[in-house]
Amino acid sequence: MARRSLLPIVVTAMQVAAAIVVLGVPHPGDVIGFLMGSVPTLGQAVAMLQALLWAVVAGSALVSLWLGLRQARLALRMRTLRQAWAGAVVVVGCCVLLAGVAHRLATPGETMTGGSVQEARQELAR
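Structural notes, computed from the coordinates. (Residues numbered from 1 in each chain as written. Predicted model: local features only at pLDDT ≥ 70, side-chain atom pairs only at ≥ 80, totals over all residues. Heavy atoms only, no water.)

## Considerations on the environment of Val 46
Reasoning step 1: Of note, Val 46 is situated in helix α3 (residues 42-74).
Reasoning step 2: Using a relative accessible area of 42% as the deciding quantity, one classes Val 46 as partly exposed.
Reasoning step 3: A sequence separation of 15 residues divides Val 46 from Val 31, and the C-alpha atoms of the two residues are 8.6 Å apart. (Helix = DSSP H or I, 4+ residues; strand = E, 2+ residues; numbered from the N terminus. Buried < 20%, exposed > 50% of the residue type's maximum accessible area, 1.4 Å probe, protein only.)

## Considering the nonpolar core
Reasoning step 1: Counting residues in hydrophobic clusters, the biggest one holds seven residues: Ala 19, Leu 23, Leu 53, Val 57, Val 92, Val 96 and Ala 99.
Reasoning step 2: Contributing elements (two or more residues each) for this core: α1 (2-23), α3 and α4 (79-105).
Reasoning step 3: Residues within four places of Ala 19 in sequence aside, it is in contact with Gly 24, Trp 54, Val 57 and Val 96. (Core = buried A, V, L, I, M, F, W, Y, C linked by side-chain atoms within 4.5 Å. Contact = heavy atoms within 4.5 Å.)

## Details of the state of the cysteines
Reasoning step 1: Using the criterion set out here, one finds zero disulfides in the structure.
Reasoning step 2: Cys 94 forms no disulfide, and the closest cysteine sulfur to it belongs to Cys 95, at a distance of 7.2 Å.
Reasoning step 3: Take Cys 94: its relative accessible area is 41%, and that puts it in the partly exposed class.
Reasoning step 4: Residue class for Cys 95 comes out partly exposed when judged on its relative accessible area of 25%. (Disulfide = S-S within 2.5 Å.)

Below you can see the structure in the form of structure tokens.
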């Protein structure tokens, strides 16, 4: 029974570790710029999405820890609690996976906006 009580805590720790590796830490200035600015930049949008995914990871971690502590304290075997926890784990895992795929597929390097055609040709000629 003790192993079953520790399972949500172990899975939560693994999810948080995966989120640290895949998502990184969002830049708070970019998140505030996204929320307060008029036209957000790509960096601000990425930071905001990172912050949103961290909120989902944190929510799932809280639910998992709550379920683990509740299960340890009360030794419950209610099927609905296990299903709710499993659903939360799957949702967070999919979000982290999709964020990692999107991060890997994103175009590396800088994007050029607001320049002239002549400036673009000069950059390409380098």
